[in-house]
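# Coordinates in review
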Amino acid sequence: MKRKILNCAAVGLLLVSLLFGTAACGSSGQQPSAGGNGSTQGSADKPTLVVVNWKDYGSDNPEAVQKFESENNCKIVHEYMASEEELLTKLRTGGVGKLDVVLPNPQILPTAIKEGLLEELDTSKLSNYPNVYDKFKKLPESSMGGKTYAVPWVWGSTGIAYNTKLIKEDINSVNVLWDQKYKGFIGFRDDFNDAVMTAAIALGQDPNNPSDLNAIKNKLKEQKPLNKTYWKTGDEWSKFFANEQITVGLMWSGQSASMKKAGQPIKYVVPKEGAIGWVDYWAVVKNAPHKDLAVKFVDYMISEGFQKDWVSKGGPAPVNKVVADSLSEDFKKDAGITEDILNRLYFISYHDEEVKKAWNELWQEVKAE
Amino acid sequence: MKKKALLVSPAMFILIAFAVVPLFIMLYFSFISDGGVPGFTLENYARFFSKPLYLALTWKTIKMSALVTLISILVGYPMAYIIAKIIKSGREILLLLIIIPFWSSQLVRAYSWMNLLRDGGILQDFLAKLHLFKGGELGILFTQTAVIIGLVHIFCPYMIITSYMTLEKIDDSVLEASKSLGANPITTFLRVILPMSKAGIVTGAILIFVPCLGSFVEPRILGGVNGSVIGTVIQDQFFEIYGWNFGAAIAFILLAMVLVSMGVMSAVNRRGEENG
């Protein structure tokens, strides 16, 4: 009898682990690691600046790191984040007083500022700040109570891309995603933010504060049967596009530009109705161990030298106007980073948990139908 | 008895530390409000049952898992029978071939199916060469059929292995006895082989049905616009909006359903044993 119970328990546990083993996929773990190693190692007296960013996202480029290190006689150490939420958790649990510079986005910036996790910035100490587009400085998330806490760094958009070999007409409206003509060849994105905001743009609602979620839901349901599939990762889009399974769809400015560079017949447009825009910000952590150095680093990140170098290596659009002006018009058009486009973007703003929950549920309903 | 306990303890420790404790942590989370309001709440569970969406997706997932299990039985059991009873040599190689796919990641296999099944893909080319396919589009990828194919490929080996293990144990002399007593092959199969190997089928079915309920990789990649299942909803909760509490609640509702269906299955099994 006892054995039977034990057996039952063992089988039960096995089942439980099976169920959760498949339900919980491992998100890629990340570990703090030194960026720009080599030449500067072994000098313990140099100050060490701790930077938190995404992996392989500009600031940890070895050449860029080395340049800053030698100019300022310091050492840069990168810690990587897997999500913005993780960065917020890092700041809340011991990051203050330990980390120097971090990259929060508008989804967590207001929370981080409110909780006193970030240092107020004196923008007059940033020599390159005057060159940053005013449009970004005016976005509400980077400041609170008239004080600035974050500096815009790079930006991009999510608009429409299409195959110029197979589609001869000039597409300039978001309504192409609702066009019966392209039924079975459209690739919409599987992302609740992109879905809700794009439908709001098509309906003429404010994408950041949509007035009628029901209309948005119906608009998305109407769009659903026209798709080949919903794509999730950039890699999926590339494959479907190359196979001509998808000929038009929602796409990122950055990836379209690099696909065009690789010889794909792709054209990126920001529709006349507008498109979704995003910005990444740098911020200095409250009580940063090397505050002055941290400010210098942020200044370096928005400098002409760094921004020009990164965009030429295929990075996202620079916020530095001088750099943007120095790029050729053709390049800017392909990459969707002209000033005209910039003015047509709706930058994703901060949404609280309730809004996110509602949008996500709306999107689940559309997908489940 | 003491010795036994000592021998079991490492396994028990691993199970408790890595399955039972995390499970209770999840259970705890499922009773906490997503909005950060402190204290015990049932709102996550209430939310699941208040929207038709979640129940509809759960039902869809159960049907899908049942179909995958059924197909796996129809494909896997005969395969296991052939390996165990009909062929005389090369069993090890066949079993190895069945196990080899386990060595590559589920994600890679899903992507491989995408290339095979897509319009203008490998399968379409192959069929065209055989003159079985005449123009147009294949239309398999991004449908429920593609999801079922992908899942059967992942899970069928469980059925083959568990069935093989029970079939192999059946003594050939029992089959000969059945024959000499005048039973035809069908009667022998239905009254001797099937009852003696039923345990393997049931175990295999459980090993397939349960993880199928939680699957999300194949539905998402192969299912296209209609790829939503309850597993993808749970995944979105955890990775898109950090709704861990609601995600945990859905997972527990699913677990409760699994345990109930297991109870039913084992009751059926026991009754079968008593009658047989």
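Values in this document were obtained by computation on a predicted structure and should not be read as measured data.

What counts and what doesn't
- The residue numbering used here restarts from 1 in each chain and proceeds along that chain's sequence as written.
- Naming scheme: in the order in which they are written, chains are lettered from A and ligands are numbered from 1.
- Side-chain atom pairs in this predicted model are given and counted only at pLDDT of 80 or more, local residue features only at pLDDT of at least 70, and totals for whole chains, interfaces and linings cover all residues.
- Numbering of helices and strands starts at the N terminus; helices are DSSP runs of H or I of at least 4 residues and strands are runs of E of at least 2.
- Using C-beta atoms placed from the backbone, we call a residue buried if 20 or more other C-beta atoms fall within 10 Å of its own, exposed if 12 or fewer do, and partly exposed for counts in between.
- Here the contact rule is simple: place C-beta atoms from the backbone, and any two residues whose C-beta atoms are within 7 Å are in contact.
- Confidence of the predictor at the level of single residues is given by pLDDT, which spans 0 to 100.
- To define a nonpolar core, we join buried Ala, Val, Leu, Ile, Met, Phe, Trp, Tyr and Cys residues through C-beta atoms within 7 Å and take the resulting set.
- When residue character is reported, Ala, Val, Leu, Ile, Met, Phe, Trp, Tyr, Cys and Pro are called nonpolar, Asp, Glu, Lys and Arg charged, and the others, Gly included, polar.

As a further point, take the overall build of chain B. Looking only at helices and strands, chain B features twelve helices and zero strands. Ordering the α and β elements of chain B from the N terminus gives α-α-α-α-α-α-α-α-α-α-α-α. Dimensions along the principal axes, computed over C-alpha positions, put chain B at roughly 75 × 70 × 35 Å. Expressed as a percentage of the 276 residues in chain B, the buried residues total 33%. Excluding contacts between residues fewer than 6 apart, the proportion of contacts in chain B whose partners are at least 24 apart in sequence is 73%.

Further remarks concern the overall build of chain A. Looking only at helices and strands, chain A has 15 helices and 14 strands in total. Here chain A holds 369 residues, and 44% of them are scored as buried. Expressed as a percentage of contacts within chain A between residues at least 6 apart in sequence, the contacts between residues at least 24 apart total 78%.

Model confidence for chain B is summarised by a mean pLDDT of 90, while 97% of its residues fall at 70 or above. Here the prediction assigns the complex a pTM of 0.84, and the interface score ipTM is 0.88.

Now for the nonpolar core. Val151(A), Val196(A), Trp282(A), Val284(A) and Val298(A) are the most contacted members of the largest nonpolar core, which totals 106 residues. With eight residues, the single largest contributor to this core is helix α6 (residues 192–203) of chain A. Excluding residues that lie within four positions of it along the chain, Trp282(A) makes contacts with Val101(A), Leu103(A), Ala150(A), Val151(A), Trp153(A), Val298(A) and Met301(A). Grouped together as the second largest cluster of nonpolar side chains are 53 residues, Tyr77(B), Leu151(B), Ile221(B) and Ala248(B) included.

Let's shift gears to the interface of chain A and chain B. Contacts between the two partners involve 28 residues from chain A, matched on the other side by 36 residues from chain B. Counting residues per element, the ones that place at least two in the side of chain A that touches chain B are α1 (2–23), β9 (227–231) and α15 (353–368) of chain A. Here the residues of the side of chain A that touches chain B are counted per class, giving ten nonpolar, nine polar and nine charged.

Next up on the list: helix α10 (residues 291–301) of chain A. Residue pairs spaced three or four apart in an α-helix point in one direction, given the helix's 3.6 residues per turn. All names here are of chain A. Among the eleven residues in α10, eight count as buried, and that is most of the element. What α10 keeps buried is the set Leu 293, Ala 294, Val 295, Lys 296, Phe 297, Val 298, Tyr 300 and Met 301. Where the residues of α10 are buried, they touch β2 (48–53), α2 (62–72), β4 (101–102), β7 (151–163), β12 (275–284) and α11 (304–312).

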